[in-house]
Amino acid sequence: MPIKTIEWIEGKVKIIDQTKLPQKLEYIYCKDVETLREAISSLKIRGAPALGIAAAFGVVLGIKDSSAQDHLSFQKEMEKVIDGLARSRPTAVNLFWSLRRMRDCAEKNKDKEIKEIKAILEKEALQIIKEDKRCNRQIGENGASLIEDGETILTHCNAGALATADYGTALGIIYRAKEKGKKVKVYIDETRPLLQGARLTAWELLREGIEVVLICDNMAGQVMQEGKIDKVLVGADRVAANGDVANKIGTYMLAVLAKENGIPFYVACPFSSIDLSLSSGKAIPIEQRNSSEITNGWGKRIAPQGIKTYNPAFDVTPARYIKGIITEKGIHEKKGDVIIFEKEKYLQR
Ligand code: MRU
């Protein structure tokens, strides 16, 4: 049973405080949108699909006490809530996909009583959780066929249960391959600056009984050259229409190294991570985070006072480095230098 990262329990959003892992497994019950918004910004909850789910419940929390009597006033209040949530983190498109879906849902039901609209929005958020679970399972199924018995996979950041409502995207593939009786070993980059690999993926994979080896980010090239890696498998925060992928900082470096070493590089994500409105990865907004994430670590100040920093939380891997993108719809392979998503075929859900 995968760990439950996010749940809706009696009008509260229950999340694992991921900043405390692996030392402590602590839960937070968010009963208002502000607490949830802060949890998103501070990475207590993180990972693109989980952010989409959190945003949907953020809307539910944000409008639950609305005393609006007519649709226009209700809509204004809801837009304020959506705007606040949209400012929490900019890169993972699932967050915006989910907010748009909640807005569309309210709009479609605007003729109903406000009380009823609130209940419908809660149902919609629950539906988003349900769909994420289904996507995870299907991504796992689709991707497991690519993994051979005895293979070693390198992954980055955390694209597992801790980033979704179920067992994850990239890690879901590994779990599914294991369920099918394949032996899989995983190398995990520590993923500086916030160490999602060392803290979260290492914890999650050990918990699931997977053989895991932790390396520092700057060791990936050496490990590949030594022939230890068969495939690289990562998640995504946003995929542009040409298949360029934004994911945790360091992913691009891995993709280039993988190409140099002849290792297939795959991305796994739900279709809701694909942003067909952006023609290339150049248009993906990259989150810039606080310098203290670089200057401090291991509980103390590392770098000298006064040092300048630059801290982009994500990078963009051009599609030409990617062998395929695995979604719940199938494995989208590269044609030339781009990955084509057949819009008409995939847009009906
Ligand atoms: O900053 P984070 O921890 O939210 O970044 C998460 C990642 O980059 C994940 O790899 C990505 O969201 C895929 S999650 C299935």
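On a predicted model such as this, the values are computed, not experimentally measured, just so you know.

It is worth spelling out the site of the ligand at this point. Around the ligand sit 18 residues in total, of which R46, R89, D237, N247 and K248 are the nearest. Note that an oxygen atom of the ligand is positioned 2.9 Å from one of the side-chain N or O atoms of Q196. N247 places a side-chain nitrogen or oxygen 2.8 Å from an oxygen atom of the ligand. A total of 410 Å² of accessible area belongs to the ligand in isolation, and the protein chains cover 100% of it. Mapped by element, the contributors of at least two residues to the shell around the ligand are helix 2 (48-63) and strand 9 (245-248). Here the residues of the shell around the ligand sort into 8 nonpolar, 6 polar and 4 charged. Both domains that furnish three or more residues to the shell around the ligand are identified here as domain 1 (6-137) and domain 2 (146-347).

This part is about the pattern of salt bridges. Oppositely charged side chains are able to pair whenever their charged atoms sit close together. For the structure shown, the criterion picks out 24 salt bridges. As a salt-bridge pair, R238 and D275 come within 2.7 Å of each other at their nearest N and O atoms. Residue R238 is located in strand 8 (residues 238-240), and its partner D275 is located in strand 11 (residues 274-275); the two are separated by 37 residues in the primary sequence. Judged by relative accessible area, which is 7%, R238 ranks as buried. Between E293 and R289 there is a salt bridge; the shortest N-O distance is 2.7 Å. Per residue, the accessibility class of E293 equals that of R289, and both read buried.

Taking every second residue as pointing to the same face, both faces of strand 4 (residues 152-155) are buried, with T152 and L154 on one and I153 and T155 on the other. Sheet topology places strand 4 next to strand 5 (residues 185-189); 4 bridges connect them, and they run parallel. Bridge pairing links T155 to I188 in strand 5. You can see the chain leave strand 4, run along helix 6 (residues 170-179) and come back into strand 5, and the turn it takes is right-handed. Summarising the sheet, strand 4 and strand 7 (residues 231-234) pair through 2 bridges and their orientation is parallel. Bridge assignment links I153 to a residue of strand 7, and that residue is K231.

With antiparallel pairing, 3 strands are arranged side by side in an open sheet as 1-2-3. Only two strands of the sheet have a single partner each, and these edge strands are strand 1 (6-9) and strand 3 (27-30). Ignoring strand direction, the axes of neighbouring strands in this sheet form an average angle of 25 degrees. Against the sheet, helix 2 contacts strand 1, strand 2 (12-16) and strand 3, and its axis sits at roughly 25 degrees relative to strand 1.

In terms of domains, the protein is made up of domain 1 (6-137) and domain 2 (146-347). If you average the C-alpha positions of domain 1 and of domain 2, the two centres end up 25 Å apart. Both faces considered, domain 1 and domain 2 share a buried interface measuring about 2600 Å² in area, 55% of it formed by carbon and sulfur atoms. A per-residue breakdown of the area domain 1 buries against domain 2 is headed by R46, T91 and N136, which together make up 24% of the total. The closest approach of N and O atoms between R89 and E287, which form a salt bridge, is 2.8 Å. Where domain 1 touches domain 2, the interface holds 20 residue pairs in polar contact (both at pLDDT 80 or more). Counting residues per element, the ones that place at least two in the side of domain 1 that touches domain 2 are helix 2, helix 4 (93-108) and helix 5 (114-144).

This next bit is on the nonpolar core. Within the largest apolar cluster, 41 residues are counted, with the highest numbers of intra-cluster contacts made by V13, M78, M102 and L121. Within the residue set of this core, elements represented by two or more residues are strand 1, strand 2, strand 3, helix 1 (33-41), helix 2, helix 3 (71-86), helix 4 and helix 5. Of all the elements, helix 2 adds the most residues to this core, at 12 residues. Excluding anything up to four places from it in sequence, V13 contacts I6, E7, W8, I28, Y29, C30, L36, F57 and L61. Formed by 27 residues, the second largest nonpolar core is a distinct cluster that contains A220, M224, I229 and L254.

Another point: helix 4. Across its 16 residues, helix 4 extends 22 Å between first and last C-alpha, which sits within 8% of the 22 Å expected from 1.5 Å per residue. Residues of helix 4 that are buried include every one of V93, N94, L95, S98, L99, R101, M102, C105 and A106, and no others. Summarising the contacts, the buried residues of helix 4 are in contact with helix 1, helix 2, helix 3, helix 5, strand 8 and strand 11.

With that out of the way, let us pick up the environment of F341. Among the structural elements, F341 can be located in the loop between strand 17 (338-339) and helix 11 (343-347). A relative accessible area of 6% places F341 in the buried class. Residues F341 and E211, spaced 130 residues apart in sequence, show a C-alpha to C-alpha distance of 34 Å.

Let's shift gears to the packing of aromatic side chains. One pass over the full model with this rule turns up 4 aromatic pairs. Pairing W8 with F57 gives two aromatic rings, centres 4.9 Å apart and planes at 15 degrees, and the pair type is stacked. With W8 in strand 1 and F57 in helix 2, this residue pair connects regions lying 49 residues apart in the sequence. Given a relative accessible area of 16%, W8 falls into the buried group. Judged by relative accessible area, which is 0%, F57 ranks as buried. Between Y167 and Y175 the ring centres are 5.7 Å apart and the planes differ by 45 degrees, which places this aromatic pair in the tilted class.

Thresholds, definitions, all that
- Residues numbered from 1 in each chain as written.
- Predicted model: local features only at pLDDT ≥ 70, side-chain atom pairs only at ≥ 80, totals over all residues.
- Heavy atoms only, no water.
- Near = heavy atom within 4 Å.
- Polar contact = N/O pair within 3.5 Å; in protein donor to acceptor, adjacent residues only side chain to side chain.
- Areas by Shrake-Rupley, 256 points an atom, 1.4 Å probe, with all protein chains shown as cover.
- Helix = DSSP H or I, 4+ residues; strand = E, 2+ residues; numbered from the N terminus.
- Nonpolar A, V, L, I, M, F, W, Y, C, P; charged D, E, K, R; others polar.
- Domains from an automatic or database assignment.
- Salt bridge = Lys/Arg side-chain N within 4 Å of Asp/Glu carboxyl O.
- Buried < 20%, exposed > 50% of the residue type's maximum accessible area, 1.4 Å probe, protein only.
- Pairing = 2+ DSSP bridges.
- Right-handed = clockwise from strand over helix to strand, strands pointing away.
- Axes fitted to C-alpha atoms, helices over the stretch in contact; angles between N-to-C directions.
- Contact = heavy atoms within 4.5 Å.
- Buried area = accessible area lost by both parts, 1.4 Å probe.
- Core = buried A, V, L, I, M, F, W, Y, C linked by side-chain atoms within 4.5 Å.
- Expected span 1.5 Å × (residues − 1).
- Phe/Tyr/Trp six-rings, centres within 6.5 Å; stacked < 30°, edge-to-face > 60°.

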